[in-house]
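# Commentary on secondary and tertiary structure
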Amino acid sequence: MAKNQRDKDVETTESTGLSRRGFLTRVGVGAVSVAAAKSATAQPTSRAQALPATELSRITLNINGRQRQVLVEPRWTLSHVLREELGLTGTKVGCDRGECGACTILMNGVPRYSCLTLAVEAEGVEIVTVEGLMDRENLGPTQEAFLTEDAFQCGYCTSGQIMAVEGLVRNNPDPSVDDIRTGVSGNLCRCGAYAHIFAAAQRAAAERQGVGGES
Amino acid sequence: MYISDFRYHRPQTLAEAVALLETSRDGVLLAGGTDLLVDLKQGKRFHEDVISLTRIEELHSIELHGDSLVIGAAVTHNQLIHSPLIRQSCFAISEAAATIGTEQIRNTATVGGNLCTAASCADTAPILIALEARVELIGGRGRRTLALANLFVDHRRTALEKCEILSRIIVPVPPAGTGAAFEKFGLRQAANISVASVAVMVRVVDQRCERASFVMGAVAPTPRISGKAAGLVEGRPVSQVSEGSELLERVARAVADDAAPLDDIRGSAAFRREVTATLARRAFEKALSRAVTGVAEGQAGR
Ligand SMILES: Cc1cc2nc3c(=O)[nH]c(=O)nc-3n(C[C@H](O)[C@H](O)[C@H](O)COP(=O)(O)OP(=O)(O)OC[C@H]3O[C@@H](n4cnc5c(N)ncnc54)[C@H](O)[C@@H]3O)c2cc1C
Ligand code: FES
Ligand code: FES
């Protein structure tokens, strides 16, 4: 196949807006992109947002259902901002490089590592941390399931495990054991509480379906 | 972990992103960040400008255009896995994406980032090359497309020019009678970096293998195509290359012969070569059965 060959069929792409578990909850991003692809040399317009390197910029994060205004540097990770700026210390940091899962949170309903996400990238995204699973002073069903199944020892990995399980059961109401293994495979437990974590995940799924509680 | 200062840009169009790359001294694109942020944290790279792709809408869609599947560069691995369009027309792409990282990584990392990092072990590359994908690159001088195989220049080096963006991946929808599969071997089940991987595409017409493609990952600086193996298969009746046949054994060895593996912490070169032969056999058997039956197990998905 020749290099530089032009591909005529794809020149007229239109976005059909196929769902992508989306980032784009903010306004103003619709139709402009298609036109832009056709004139890739056009000058940038004021729509591009830029944040300076060494100053604090004000951003708005939607965390646990509340809009939080916070001053950040672009280089700060979301885990840093949650813990150090907003005092949401339920989110833990273990490896700080995407290997352990302690920092797991939900972004638009799916689990992600907050240590591998810049806070500025999380603007316009629905963020849920382990604190957000509480109903006032009461534990949410997934948290309750971890307690009932004794699914932790030291507890350091636990909030990340809970968020991974919460993400799993929200998207898959009746997970198989394999689904559970896959769902929490991004979360290491140095204490090795895995068997209890799997049991907690099963219980959490059952609770959500309203059939749990006994046994 | 410390990340050094950078300016952060959030363009909404490709044109803005290209212009930002052109005006910045050392601007870098940020997609999912699962490679870039790790490098920044480890102090392996520094950039004055980080240009986010998250708000460029067209990079996030998966569409069918005529007989091509068009995948935006910022589509995540989990989108590849769950897309009904991809599962129906090119199931093996979903299959490959499902082997990557962990749930959190698959919700974050993108196919464009995977290709542009150009690690030899990138798991989306072999299957996309086997399916004869092309990539569209957009830069200051306009757009060009090239065969995905030609994007890879060396381990972590691509043919992208300084101010170019990979905008989308164009995969011809395989005609009926085509089967494809991806097999990888790593040292564990999750967050499992490939020690070796093989993607196979085979097209069967009238019980004959009309066309075949074998592409290896992690056993050379770039994804590697085995021309020898394809040559052995093309033109042969299906019966000659079926499971357990002597010819299939020769095909698997041919793939392994075309590998150029290295010794490293994940395995010796000799081990990688052996594993490659086994993966090639398995992937071919699976692809052939899919070509013949028209069904890929697990295709229905959730
Ligand atoms: C725990 C863990 C496990 C992993 N497991 C696997 C695995 O099993 N298999 C595997 O293949 N990989 C794996 N990876 C690597 C990584 O997740 C993938 O390569 C991922 O697809 C990178 O995509 P990204 O969007 O995060 O890239 P980013 O980090 O955002 O970008 C990577 C590079 O590509 C450039 N880039 C991104 N998009 C474009 C574009 N559209 N045009 C031009 N340049 C661009 C960026 O500037 C950057 O240099 C793993 C990573 C981690 C942290
Ligand atoms: S702290 Fe984020 S994955 Fe370990
Ligand atoms: S309970 Fe200690 S690390 Fe999991």
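Residues numbered from 1 in each chain as written. Chains lettered and ligands numbered in written order. Predicted model: local features only at pLDDT ≥ 70, side-chain atom pairs only at ≥ 80, totals over all residues.

### Considerations on the nonpolar core
Note the threshold: Linking buried Ala, Val, Leu, Ile, Met, Phe, Trp, Tyr and Cys residues through C-beta atoms within 7 Å yields a set, and such a set is a nonpolar core. Partly exposed residues are those whose C-beta has more than 12 but fewer than 20 other C-beta atoms within 10 Å; with 20 or more the residue is buried, with 12 or fewer it is exposed, and the C-beta atoms are placed from the backbone. Strands are runs of DSSP state E lasting at least 2 residues, helices are runs of H or I lasting at least 4, and numbering of each runs from the N terminus.
The biggest cluster of nonpolar side chains holds 152 residues, and the ones touching the most others in it are Ala-199, Val-200, Val-202, Val-251, Val-255 and Ala-280 of chain B. Counting residues per element, this core draws most heavily on helix 11 (residues 269-293) of chain B, at nine residues.

### Quick look at the site of ligand 1
All names here are of chain B. Inclusion rule: The rule is simple: place the C-beta atom from the backbone, and if it lies within 6 Å of a molecule or strand, the residue is near it.
Around ligand 1, the structure places 33 residues, and the nearest of them are Ala-31, Gly-32, Thr-34, Gly-113 and Asn-114. If you list the elements that add at least two residues to the shell around ligand 1, you get strand 2 (28-30), helix 2 (36-41), helix 7 (111-117) and strand 10 (165-172). Of the residues forming the shell around ligand 1, the biggest block, five residues, is contributed by helix 7.

### Describing the sheet that holds strand 13 (residues 208-217) of chain B
All names here are of chain B. Inclusion rule: DSSP-based pairing: two strands are paired if at least 2 bridges between them are found. Contacts here follow a simple rule: the backbone-placed C-beta atoms of the two residues must lie within 7 Å. Every axis corresponds to a line fitted to the C-alpha atoms, with the helix fit spanning only the stretch in contact, and the corresponding angles, defined between N-to-C directions, vary from 0 to 180 degrees.
A sheet is described by the order of its strands in space; here four strands give the open sequence 11-12-13-14, paired in antiparallel fashion. Across the chains shown, the open sheet's two edge strands, defined by having one partner strand only, are strand 11 (178-185) and strand 14 (224-225). Two elements, strand 11 and strand 12 (residues 196-205), share eight bridges in a ladder whose sense is antiparallel. Opposite Gly-179, over in strand 12, you have Val-202 as the bridge partner. Along the sheet, helix 11 contacts strand 11, strand 12 and strand 13; its crossing angle with strand 12, the most-contacted strand, is approximately 30°.

### Digging into the domain arrangement of chain A
Residue and element names in this part refer to chain A. Convention followed: Each domain span listed reflects an automatic or database assignment of domains.
For chain A, the assigned domains read domain 1 (57-132) and domain 2 (133-208). Taking only C-alpha atoms, the centre of domain 1 and the centre of domain 2 are 20 Å apart. Listed as interface residues are 17 residues of domain 1 and, on the opposing side, 16 residues of domain 2. Among the secondary structure elements, those contributing two or more residues to the side of domain 1 that touches domain 2 are strand 4 (104-107) and strand 5 (110-113). If you tally residues by element for the side of domain 1 that touches domain 2, the top one is strand 4, at three residues.

### Let's talk about the sheet that holds strand 2 of chain B
Judged by pairing direction, the sheet is mixed, and its four strands sit side by side in the order 1(A)-1(B)-3(B)-2(B) without closing on themselves. The two strands at the open ends of the sheet, each matched to only one other strand, are strand 1 (49-51) of chain A together with strand 2 of chain B. Recorded for the sheet is a direction-independent mean angle of 25° between the axes of neighbouring strands.

### Re the confidence of the model for chain B
Our working definition: Confidence of the predictor at the level of single residues is given by pLDDT, which spans 0 to 100.
Here chain B averages 95 in pLDDT, while 98% of its residues score no lower than 70. For this predicted complex, the interface score ipTM comes out at 0.94, while the overall pTM is 0.90.

### A look at the packing of helix 3 (residues 141-148) of chain A against helix 4 (residues 158-171) of chain A
Residues and elements named next belong to chain A. Inclusion rule: If an angle is under 35 degrees, it is roughly parallel; if it is over 145, roughly antiparallel; if it lies from 65 to 115, roughly perpendicular; otherwise it is oblique. We call a crossing left-handed when the near helix sits turned anticlockwise from the far one by less than a right angle, and right-handed when that turn is clockwise. Throughout this entry, Asp, Glu, Lys and Arg are counted as charged residues, while Ala, Val, Leu, Ile, Met, Phe, Trp, Tyr, Cys and Pro are counted as nonpolar. The remaining residues, Gly among them, count as polar.
Across the interface, helix 3 lies against helix 4 with an axial gap of 9 Å and an inter-helix angle of 125°. The pairing of helix 3 with helix 4 is recorded here as oblique in orientation. The two elements helix 3 and helix 4 meet at a crossing, and its hand is right-handed. Packed against helix 3, whose contacting residues are Thr-142, Gln-143 and Phe-146, the element helix 4 presents Thr-158, Ile-162, Val-165, Glu-166 and Val-169 at the interface. In terms of residue class, the contact of helix 3 with helix 4 is built from four nonpolar, three polar and one charged.

### Considerations on the domain arrangement of chain B
Residues and elements named next belong to chain B. Taken as a whole, chain B is organised into domain 1 (7-52), domain 2 (57-172) and domain 3 (179-292). Between domain 2 and domain 3, the C-alpha centre-to-centre distance is 21 Å. In this assembly, 20 residues from domain 2 lie in contact with 24 residues from domain 3. Going through the elements one at a time, helix 5 (91-97), helix 8 (125-130) and strand 8 (152-154) are the ones with two or more residues in the side of domain 2 that touches domain 3. If one sorts the elements of the side of domain 2 that touches domain 3 by residue count, helix 8 sits on top with five residues. Classifying every residue of the side of domain 2 that touches domain 3 by side-chain character gives 12 nonpolar, five polar and three charged.

### Here we look at the packing of helix 4 of chain A against helix 6 (residues 194-208) of chain A
Residue and element names in this part refer to chain A. Helix 6 packs onto helix 4 with a crossing angle of 40° between their chain directions and a minimal axis gap of 10 Å. Taken together, helix 4 and helix 6 sit at an angle that is classed as oblique. Handedness of the crossing formed by helix 4 with helix 6: right-handed. Each of Gln-161, Val-165, Leu-168 and Val-169 in helix 4 lies in contact with helix 6, whose residues at this interface are Ile-197, Ala-200, Ala-201, Ala-204, Ala-205 and Arg-208.

### Some details on unusual backbone geometry
Most peptide bonds are trans, and most residues other than glycine sit at a negative phi. Of note, Asn-64 of chain A is a non-glycine position whose phi angle comes to about 50°, a positive value. Classification of Asn-64 of chain A as partly exposed rests on a count of 18 C-beta atoms within 10 Å.

### Section: helix 6 of chain A
All names here are of chain A. Selection criterion: What a helix should span is 1.5 Å times the count of its residues minus one.
For helix 6, with 15 residues, the first-to-last C-alpha span of 21 Å sits near the 21 Å given by 1.5 Å per residue. Turning to helix 6, the residues buried within the fold contact helix 3, helix 4 and helix 5 (177-183). Of the residues flanking the end of helix 6, it is Gly-210, one or two places downstream, whose phi is positive at about 75°.

### Examining helix 4 of chain A
Its 14 residues give helix 4 of chain A an end-to-end C-alpha distance of 20 Å, which sits within 8% of 20 Å, the value for a rise of 1.5 Å per residue. Where burial is concerned, most of helix 4 of chain A is hidden: 12 out of the 14 residues are buried. Taken as a whole, helix 4 of chain A has its buried residues at Thr-158, Ser-159, Gly-160, Gln-161, Ile-162, Met-163, Ala-164, Val-165, Glu-166, Gly-167, Leu-168 and Val-169 of chain A. Next to the buried residues of helix 4 of chain A lie strand 4, strand 5, helix 3, helix 5 and helix 6 of chain A together with helix 6 (103-106) of chain B.

### Focus on the environment of Leu-166 of chain B
Counting through the fold element by element, Leu-166 of chain B comes out in strand 10. Those residues in contact with Leu-166 of chain B, other than ones at most four positions away along the chain, are Ala-73, Gly-112, Leu-115, Cys-116, Val-135, Leu-137 and Leu-160 of chain B.

### A closer look at the confidence of the model for chain A
Fine structural detail should not be taken from predicted coordinates in areas where pLDDT scores are low. Here chain A shows a mean pLDDT of 82. Residues at 70 or above account for 76%. The low-confidence segment residues 1-46 of chain A (pLDDT under 50) makes 87 contacts with residues lying over four places distant or belonging to another chain.

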